[in-house]
Amino acid sequence: MSDVRPRPGDPVITPALIAEHGLTKQEYERLVGMLGRTPTFTELGIISALWSEHCSYKHSRPILKTLPTTAPYVLQGPGENAGVISIGDGLAVAFKIESHNHPSAVEPYQGAATGVGGILRDVFTMGARPIAMLNSLRFGSLDDPRVRYLFSGVVRGIGDYGNCVGIPTVAGEIVFDPAYANNPLVNAMCVGLLHEEDLIRAKAEGVGNPIMAVGARTGRDGIHGASFASEDLSEASDAKRPRIQVGDPFTEKLLLEASLELIKSGHIVAIQDMGAAGLTSSSAEMAERGDVGVTIDVTKVPTRESGMSPYEILLSESQERMLVVAKKGREDAVRGILAKWDLTAAVIGEVIAEPVYRVTEGDRVVAEFPGSRLVTDCPSYSPDARESSAIADLRAADPFAIPERPEERDPAWTLEQLLSAPTIASKAWAYRQYDSTVRTNTVIGPGGDAAVLRVRGTNKAIAVKTDCNGRYVYLDPRVGGRIAVAEAARNVACTGARPMAITNCLNFGNPTRPEVFYQLKEAVAGMGEACRALGTPVTGGNVSLYNESPSGAVYPTPVIGMVGLIDDLSHITRATFQRDGDAILLLGELGGELGGSEYLATIHGKVLGAPPRCDVEREKALIDALLEAIRAGVVSSAHDCSDGGLAVALSECCIANPEGVSGAEIDLSSHSALQDRAILFGESQGRIVVSSPAPERVIEIAAKAGVPCARIGRVLRESDTLAIKLPKRSMRSPLARLRRAYHETIPGIMARTPEHATFDELAPVAAH
Amino acid sequence: MKFGIVTFPGSNCDYDAFQAVTDILGEEATYLWHKDHDLQGSEVIILPGGFSYGDYLRAGAIARFSPIMQEVAAHAKAGGPVLGICNGFQIACEAGLLPGALMRNLHLQFVSAEVRIRVENSDTMFTNLYDRGEILRMPVAHGDGRYVAPAGVLEELEAEGRIVFRYADANGSISADANPNGSERNIAGIISEGGNVLGMMPHPERACSALLGSSDGVRLLESILARVAA
Amino acid sequence: MAKFRIAVHITPRKGLLDPQGNAVRDALHTLGFKAVRDVHVGRYIIVETDAYDALTAEDTVADMCAKLLANPVTEDFEIESAVPA
């Protein structure tokens, strides 16, 4: 062990400084115990970052361990930069989702942009070429001008970054609910394609191998707020120390090409993004995975500004940087590849046999931790979990006790209200700002049930989707967790894909509050049940806690990113009605539930009742039946029934594609035991609207799988109406009105003057 | 026939152009590195889409100073075919291979959508397999696609039949609604005085497969083949 | 009331990564302007406004910068002295 002493000028370690670094007294004592001495300021900074929730998962690890993570085709499960599954033909798919909620709340444009950049790097550091981006976004009500500012800033940030790097943004979801007013959720998912033999892991190996910093220089961006604690900081110097990270998609593109070339070259043994907690966490994690020691000299790290302290260099979150372990003697070859892309690489340390994590500043040792305990010895908590009685009461409330509004006498009115609810309405306003066709693989882009990308050189395609209904999870976290997985699986299956595996992003409130921890525990348990039943293991993900504002926590929102595989391009299926005269069938039961529905929220302003039941075995049977029918060639279209219920799903089948509108005639009049509004707008799970030229075959396949299936109507290509016959009444909705409600709502709202506009809002920078 | 596809730092449609030429057209293609001075015997040059040099300062402004652009300019001057798509169109304008400029879209937003364009001149080396007035479907994806030029230049372009494509609706009418970026006179693509440099904002290389939505771009590439081979 | 003309320079906030400035700097180096040490690309805005006096005009423009013209998280601004217009 080395002699580690404070640097001249380091602040004294005081209880206040410890608290500002987010460490509890017990955690600090644990640190002192590990070191056998008082930590230096630099060491305190390192531990503060590594033991943060973001890096350590200290509140979620025990829970996450309960999730299934294996399948014969899983090549890489949780614990790496991204999960990887094999799709045959020697090819594999790498994918991961991550949150950038807090940065996006502060500066929506850069926050979202750097979120996209980070997740791209996580995927290409596995040796995969990114082929698609998805985004799962949650905002408050669009009536709030600040929400419009956040929404447009986030969308522009996602677009500018992904568009410039040249990765198509193909799918996702956007939900608007007051629960997210002060705390938007911005989750980005990236999917990449690789040859199995190119898979590389971020595992430091080989004593004597050089550690290199690659890509952009290190500045003072994004340094943990705690770094502002040093005593000599005045307000003036604070202004010089920006915390916000700025993304440079141009450098990212170069880094992407250079990294893939590096991985192919065989000159390196490991590569990892310097993401959250920058150099510190990337180097510590690579050392831990390889069970080796590392030493890093911060004076060798290329910096953007002079006078940066070891603390700042270690904790900087400057973007577009990589940490690489090269093979000894190949340093120049590595530099050569980077130079081709106008990037630089500097040797900043090496892999050592001695089991320590050591940071030097020239000859002076400024931080040293024993072995891999830096990562493995972080605390782990299982706080109290207790359901909020207020939420339990809400769940127990009977939605059918809410009387219908007078306008509801005409269900067409209700339907239009729902189609123009921003959560349901077309999000084309957003995704028209995303390049969705670059790289020429996009078969189904934004707006479909899931996006579909062909896999060049094969007859296969992959389907991808993110999903989560936070309202359900709020009302019943276990059921909501199940539904999030099941809905993502259904969406993927509707395109003809077999659901394969998931990544997840757990967006929750403060876990030290028992009611939040209860939600986390229960939601993950529900996810696990669904993943096991559907055979879709978890290959990784991200946890974002403390999503709270003075007005409370966000809805617990475990976003599921699902990847599915389509074995034959001819199986690719679209959501909208395709052929005149096709029979319309409902796979699954009509249901009749209303709890937690968009109908209650939009029409009655209520969030209550039990969310719809979710029987995961039945979901599995439903998906199997659908896929069998698709493979049999008897399915013209398939669309998942979700927010807004059957009436909204049918409307979307008719009008979601403005280029191919169809009318339809539906008869549900035999279901007299159910309320009309529950038939139309209830959100019972496990239902898919299918159109088919051979309905008997579909019914036969469903019957064999034990899945209810009823013929409910037919497609009328030339009709300009959606007509639905109900037990107690009938409704006729002119398609023109449905189209207006669905397609024109969000553009209309966003055309309102943004009261909180910035100049950028009026003249976007770097938008091409 | 050999196609040379220029890769600038930040190009991101070079791969799509390469695939279209090799996979769909079945011709030879090679990437031309921006730092090189060698067209490697390419008979047709494609300036692909993307964000060359991040498009910082102005779209295409920095790319035109690349070493390879000197060779591309010489190739164009000698009558060699050059196809500039999206960012490539911007670069061709900045480099003076085509008149006018491309400015920020009128609505100030990036636009990614399938558009329809009407073939205005089917007598060029890039459009000879189309019919005049034919409506093509192709994706656009750009933030700076609003074509502008001085009135005199526009008149000249009109008079000489150098407006090759205009944004149109499904019925072929040239309306403001069909114009995704506010381009003057709905201009989607123009050709040089010599008829050998075509610049266009829509992406023909992304419209080469019915599976992906449209194969209307294939004939553009085939037109070059037909004309140059003849 | 009199009419004033005030110029505002808006630049990326000091210390923040300036990708645009860097790209232009590198391009200038390639073009042979080797002596260039750094480049920052910003905006130059001219506001013409009525005000009681120059000082008030400048104060008003500073307010405009804080509210709209500049993004306080990512940009710095500098206001030139108001001149009668």
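Look a little higher up for the structure.
I will try to describe carefully the structure that is included in this document. None of the values given here were measured: they were computed from a predicted structure.

Description of the pattern of salt bridges
Applying the stated criterion across every chain, the model contains 70 salt bridges over all chains. Between R121(A) and D273(A) there is a salt bridge, with its nearest N and O atoms 2.7 Å apart. With R121(A) in helix 7 (residues 108-124) and D273(A) in strand 8 (residues 268-273), the pair connects residues that are 152 residues apart, well separated along the chain. Residues R121(A) and D273(A) agree in their burial class; the two are buried. Here E134(B) ties to R219(B) by a salt bridge, and the two come within 2.6 Å at their closest N and O atoms. Residue E134(B) is located in the loop between strand 6 (111-119) and strand 7 (135-142), and its partner R219(B) is located in helix 5 (residues 218-229); the two are separated by 85 residues in the primary sequence. Here the salt bridges share partners, and the residues they tie into one network are R118(B), E120(B), E155(B), E158(B), R166(B) and R185(B).

Comments concerning the interface of chain A and chain B
Facing 39 residues of chain A, the contacting portion of chain B comprises 36 residues. Inspection of the region where chain A meets chain B yields four salt bridges. The residue R456(A) makes a salt bridge to D23(B) at a minimum N-O spacing of 4.0 Å. For the interface between chain A and chain B, the tally reads 15 residue pairs in polar contact (both at pLDDT 80 or more).

Notes on the sheet that holds strand 8 of chain A
Residues and elements named next belong to chain A. Strand order in the open sheet made by the seven strands is 8-10-7-11-9-12-13, with mixed pairing throughout. Each edge of the open sheet is held by one strand with a lone partner, namely strand 8 and strand 13 (364-370). Between one strand axis and the next, the sheet turns by 20° as a mean value, whatever way the strands run. As judged from the four bridges shared by strand 9 (residues 293-297) and strand 11 (residues 345-352), these two strands associate in the antiparallel manner. Bridging from a neighbouring strand, I296 pairs with G349 of strand 11.

Looking at the packing of aromatic side chains
Taken as a whole, this structure holds 14 aromatic pairs over all chains when the rule is applied. An angle of 35° between the planes, with centres 5.2 Å apart, marks the rings of F151(A) and W429(A) as tilted. Of this pair, F151(A) sits in helix 8 (residues 145-165) while W429(A) sits in helix 17 (residues 428-431), placing them 278 residues apart in sequence. Like W429(A), F151(A) is buried. An aromatic cluster is defined as three or more aromatic residues linked by ring pairs; in this entry it consists of F139(A), F151(A), F176(A) and W429(A). The side chain of K340(A) reaches across the aromatic face of W33(B), ending 5.2 Å from its centre. The ring of Y15(B) has R439(A) lying over it, and the distance from NZ or CZ to the ring centre is 4.1 Å.

Brief notes about the interface of chain B and chain C
Counting residues at the interface gives five residues for chain B and six residues for chain C. Surface buried jointly by chain B and chain C totals about 520 Å² across both partners, of which 84% is contributed by carbon and sulfur atoms. Interface area lost by chain B to chain C is led by Y56(B), L57(B) and I62(B), which between them contribute 78%. The tally of links from chain B across to chain C stands at zero salt bridges. At the boundary of chain B with chain C, the tally comes to zero residue pairs in polar contact (both at pLDDT 80 or more). Across the side of chain B that touches chain C, the residue classes tally to five nonpolar, no polar and no charged.

What counts as what
- Residues numbered from 1 in each chain as written.
- Chains lettered and ligands numbered in written order.
- Predicted model: local features only at pLDDT ≥ 70, side-chain atom pairs only at ≥ 80, totals over all residues.
- Heavy atoms only, no water.
- Salt bridge = Lys/Arg side-chain N within 4 Å of Asp/Glu carboxyl O.
- Helix = DSSP H or I, 4+ residues; strand = E, 2+ residues; numbered from the N terminus.
- Buried < 20%, exposed > 50% of the residue type's maximum accessible area, 1.4 Å probe, protein only.
- Contact = heavy atoms within 4.5 Å.
- Polar contact = N/O pair within 3.5 Å; in protein donor to acceptor, adjacent residues only side chain to side chain.
- Pairing = 2+ DSSP bridges.
- Axes fitted to C-alpha atoms, helices over the stretch in contact; angles between N-to-C directions.
- Phe/Tyr/Trp six-rings, centres within 6.5 Å; stacked < 30°, edge-to-face > 60°.
- Lys NZ or Arg CZ within 6 Å of the ring centre and 35° of its normal.
- Buried area = accessible area lost by both parts, 1.4 Å probe.
- Nonpolar A, V, L, I, M, F, W, Y, C, P; charged D, E, K, R; others polar.

Everything listed here is a matter of coordinates, which is why it stays silent on function.
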